[in-house]
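What follows is the residue order along each chain.
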Amino acid sequence: MRLIMLGAPGAGKGTQAKRAAAHLGVPHISTGDIFRANIKEGTELGRKAKEYMDAGALVPDELVCDLVADRISKEDCAKGFILDGFPRTIPQAEALDRALENLGTSIDYAVDIDVPDEAIISRMGGRRACVGCGATYHIKFNPPKQEGVCDTCGKDLILRDDDKPETVKTRLGVYHEQTQPLIDFYSAKGVLVTVDGTQGMDDVFAEIVSKIGA
Ligand code: ADP
Ligand code: ADP
Ligand code: ZN
């Protein structure tokens with residue numbers, strides 16, 4: 001199954017994408033994770049992306065489209081994949097269509113996790129990310145066993161720089177302007193599925209599984 005996760009920053013795309021990937025046995029591909037890994041490794045791509053990410057802006061399409069096209073053509077994506085955080089603009093969605101066409105395939109579903117802005121702002125302040133493995137927690141809704149320590153790898157949990165309230169507001173503005181139009185784009189293709197992202201994580205997951213028939 002080939003899935004796209006849509007939704008505002010903090011809607012729960014990563015949380016649900018990881019579960020769905022495990023459930024379906026396909027890779028979870030997060031462009032945000034790829035950029036953060038590149039920043040950590042000090043690559044040229046990381047250096048370029050960081051500038052935009054810190055400002056709450058989108059990384060330019062030309063830095064992300066080829067990277068994803070390349071990733072989904074890998075052997076482990078032959079049976080499907082879950083894209084988390086890509087596409088985020090109409091040109092990215094068109095580039096994805098071309099890449100899939102070259103592979104002789106197409107998207108099965110674009111899952112929009114719907115959460116109103118007010119809920120996003122309060123949710124993001126509680127997100128904590130592991131500096132080691134990138135695992136995501138929430139201080140209230142998904143706390144680690146030991147405060148500030150990753151359950152999986154034992155490294156420190158931090159508040160991402162771009163999760164500070166001012167940057168979250170900028171990112172929400174960017175989302176409404178550049179990413180929300182994708183909802184109509186995928187609706188027109190007949191592959192859009194909308195789920196209520198204000199429910200608890202287990203209920204959101206159950207709604208996704210039932211709506212995509214997985
Ligand atoms: P979130 O999960 O909170 O929505 P991500 O980890 O997906 O955040 O993305 C973090 C940042 O990485 C974005 O604010 C943006 O700067 C950059 N980014 C990630 N994916 C893309 C993309 N497809 N196009 C442009 N920028 C991206
Ligand atoms: P995204 O990838 O869309 O930016 P995340 O999956 O990282 O979103 O979730 C954002 C934050 O909200 C994280 O701290 C996560 O633990 C928490 N979270 C995710 N889904 C829910 C939910 N249904 N209810 C409450 N908190 C949630
Ligand atoms: Zn970790």
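What you are looking at is a predicted structure, and each value in this text was computed from that prediction instead of being measured.

Peer 1: Tell me about the overall build of the protein chain, residues and numbers included.
Peer 2: Along the backbone of the protein chain there are nine helices and eight strands. Here the protein chain holds 214 residues, and the buried ones make up 45% of them. Here the contacts in the protein chain between residues at least 6 apart in sequence split such that 70% fall between residues at least 24 apart. Only carbon and sulfur atoms are counted for the fraction: they give 50% of the accessible area of the protein chain, which is about 10,700 Å². If you average the places of the 26 positive and of the 33 negative side-chain charges in the protein chain, the two averages end up 4 Å apart.

Peer 1: Go over the site of ligand 1 with me, naming the residues and quoting the values.
Peer 2: The environment of ligand 1 is formed by 20 residues, the closest being Thr-31, Ala-57, Gly-85, Arg-127 and Arg-171. Contact distances for ligand 1 include 3.3 Å between an oxygen atom and a side-chain N or O atom of Arg-160. In this structure, Arg-171 approaches ligand 1 through a side-chain N or O atom, which is 2.6 Å from an oxygen atom. Relative to its unbound accessible surface of 560 Å², ligand 1 loses 96% to contact with the protein. Counting residues per element, the shell around ligand 1 draws most heavily on helix α2 (residues 31–41), which supplies four residues. For the shell around ligand 1, a count of residues per class yields eight nonpolar, five polar and seven charged.

Peer 1: Help me get a handle on the coordination of the zinc ion (ligand 3), residues and values and all.
Peer 2: Within the protein, the atoms that donate to the zinc ion (ligand 3) are Cys-130 (SG), Cys-133 (SG), Cys-150 (SG) and Cys-153 (SG), at distances of 2.3 to 2.4 Å. One way to put it: the four donor atoms around the zinc ion (ligand 3) meet at angles of 94 to 117°, and that makes the site tetrahedral. Mapped onto the sequence, the residues coordinating the zinc ion (ligand 3) show the spacing C-x2-C-x16-C-x2-C. In this pair, Cys-130 sits in strand β5 (residues 127–130) while Cys-150 sits in the loop between β6 (136–138) and β7 (157–158), placing the two residues 20 residues apart along the sequence. Here Cys-130 falls in the buried class, since its relative accessible area comes to 6%.

Criteria and thresholds
Residues numbered from 1 in each chain as written. Chains lettered and ligands numbered in written order. Predicted model: local features only at pLDDT ≥ 70, side-chain atom pairs only at ≥ 80, totals over all residues. Heavy atoms only, no water. Helix = DSSP H or I, 4+ residues; strand = E, 2+ residues; numbered from the N terminus. Buried < 20%, exposed > 50% of the residue type's maximum accessible area, 1.4 Å probe, protein only. Contact = heavy atoms within 4.5 Å. Areas by Shrake-Rupley, 256 points an atom, 1.4 Å probe, with all protein chains shown as cover. Lys, Arg positive; Asp, Glu negative; His and termini not counted. Charge placed at Lys NZ, Arg CZ, Asp CG, Glu CD. Near = heavy atom within 4 Å. Polar contact = N/O pair within 3.5 Å; in protein donor to acceptor, adjacent residues only side chain to side chain. Nonpolar A, V, L, I, M, F, W, Y, C, P; charged D, E, K, R; others polar. Donors = N, O, S within 2.8 Å, 3.2 Å for Na, K, Ca; no water. Tetrahedral: all angles 85-135°; square planar, octahedral: opposite > 155°, others 65-115°.

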